[in-house]
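# Structure assessment
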Amino acid sequence: MSGVQQLILGTAQAYPIVVDAADFDGTNDMMTRGASLDGAADSKLFTFVCWINADTLAGADRRIFNSVTTVGGTTTRLNITWTDADSNIQIRARNAAGTSILNMQAATPGTGTWVCMMFSCDLADTGKRQFYYGDTDTTPTVVAYTDDVIDNTVADWAVGAAANGTEDWDGCFAELWYKIGVYIDFSNEGNRRKFISEGGKPVYLGATGNLPTGAAPDCYFHLADGAAVAGFATNLGTGGNFAITGTLATCGSSPSD
């Protein structure tokens, strides 16, 4: 299945909310699905949004979000990684044969600060690929962008590390939102306001993350203000809950601050 393209062009702004964030220690903290995402289908389109705040990440690549073909395996299909060698955020995807069909890279936003990372693509159209940090276009380098289908019918998904427990993220995440089969034009300010306020803060995405597109995403990880941090692994989207390895902590700061 190639997915259904959906352009969101409204200008109505969602209201800011106060959220907490989950702190991953860079050693053994991660979240894994341990299975496929419920209802996931192969597609040329996806959108990924997440507030990130990195601690010291030198010395190794650090995974933000990824999928693999076997539970806890190493054969990847989608990778969103903070790379050590060139200090880039790299977004890569492969088809069912394992061929790289998407590789876009942009300079990292730096450490010690909250940034809303927003990425969306439709591999059938080179004019439909957007990579923003807040309201700033990252002007990414495009290494590969092939009109082909991303393999999303995989066996495992992970947040905060590679699915096999390596390349652990050191820092905090908040409001992670991932939807297959949808392209959002983030060059349109009204679309960015569905995820980030004019003042640069998180906004209400709906109880299931449904407000930006009218339907719940595959993944929506949200930590309400004052909630137990273990609740961050509860997927409010449609794909099913994740399990925590290690012990997450509540981050000492929040993108709402």
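The preceding data block contains the structure.
Basis of the calculations
Residues numbered from 1 in each chain as written. Predicted model: local features only at pLDDT ≥ 70, side-chain atom pairs only at ≥ 80, totals over all residues. Heavy atoms only, no water. Salt bridge = Lys/Arg side-chain N within 4 Å of Asp/Glu carboxyl O. Buried < 20%, exposed > 50% of the residue type's maximum accessible area, 1.4 Å probe, protein only. Pairing = 2+ DSSP bridges. Helix = DSSP H or I, 4+ residues; strand = E, 2+ residues; numbered from the N terminus. Axes fitted to C-alpha atoms, helices over the stretch in contact; angles between N-to-C directions. Disulfide = S-S within 2.5 Å. Polar contact = N/O pair within 3.5 Å; in protein donor to acceptor, adjacent residues only side chain to side chain. Phe/Tyr/Trp six-rings, centres within 6.5 Å; stacked < 30°, edge-to-face > 60°. Lys NZ or Arg CZ within 6 Å of the ring centre and 35° of its normal.

### Structural notes on the pattern of salt bridges
Counted by the stated rule, this structure contains eight salt bridges. For Asp 125, the salt bridge goes to Lys 128, with nearest N and O atoms at 3.8 Å. Given a relative accessible area of 28%, Asp 125 falls into the partly exposed group. Among the charged side chains, a salt-bridge network with shared partners connects Asp 135, Glu 189, Arg 192 and Arg 193.

### Side note on the sheet that holds strand S15 (residues 243-245)
Strand order in the open sheet formed by eight strands is S11-S7-S6-S5-S4-S12-S2-S15, with antiparallel pairing between adjacent strands. For this open sheet the edge positions go to strand S11 (141-145) and S15, each flanked by a neighbour on one side alone. Across the sheet, the axes of successive neighbouring strands diverge by a mean angle of 15°, strand direction being ignored. For strand S4 (residues 62-68) and strand S12 (residues 156-159), the ladder comprises four bridges, and the chain directions are antiparallel. Across the sheet, residue Val 68 finds its bridge partner in S12, namely Asp 156.

### Here we look at the state of the cysteines
Using the criterion set out here, one finds one disulfide in the structure. Across a sulfur-sulfur distance of 2.1 Å, Cys 172 and Cys 251 are joined as a disulfide pair. An S-S torsion of about 85° defines the bridge between Cys 172 and Cys 251 as right-handed. Taken together, the residues Cys 172 in strand S13 (residues 170-180) and Cys 251 in the segment after strand S16 (249-250) connect sequence positions 79 residues apart. Neither Cys 172 nor Cys 251 differs from the other in exposure class; each is buried. Just so you know, Cys 116 is unpaired, no disulfide at all, and the nearest cysteine sulfur is the one on Cys 50, 8.2 Å from it.

### A few points about unusual backbone geometry
If you check the backbone angles, Ser 87 has positive phi at about 50° while not being a glycine. The residue Ser 87 is located in the loop between strand S5 (76-82) and strand S6 (88-94) in this model. The class of Ser 87 is partly exposed, set by a relative accessible area of 38%. Non-glycine residue Glu 175 carries a positive phi angle of around 50°.

### Focus: the side chain of Thr 47
Mapped onto the elements of the fold, Thr 47 is located in strand S3 (residues 45-54). Look at Thr 47 and you get buried, because its relative accessible area is 0%. A polar contact is formed between the side chain of Thr 47 and the side chain of Ser 120, at a distance of 2.7 Å. In this structure the side chain of Thr 47 is engaged in a polar contact, spanning 2.9 Å, whose partner is the backbone oxygen of Val 182.

### Overview of the packing of aromatic side chains
Evaluation of the coordinates by the stated rule reveals 16 aromatic pairs. For the pair Trp 177 and Phe 195, a centre-to-centre distance of 5.0 Å together with 75° between the ring planes defines the contact as edge-to-face. Here Phe 195 lies in the loop between helix H1 (189-192) and strand S14 (219-221) and Trp 177 lies in strand S13, a separation of 18 residues in the sequence. Across the pair, exposure class does not vary: Trp 177 and Phe 195 are buried alike. Each residue in the set Phe 46, Phe 48, Phe 65, Phe 119, Phe 131, Tyr 133, Trp 157 and Tyr 178 is aromatic and connected to the rest through ring pairs, giving one cluster. Between Arg 129 and the ring centre of Tyr 145, over which it is positioned, the NZ or CZ distance is 4.6 Å.

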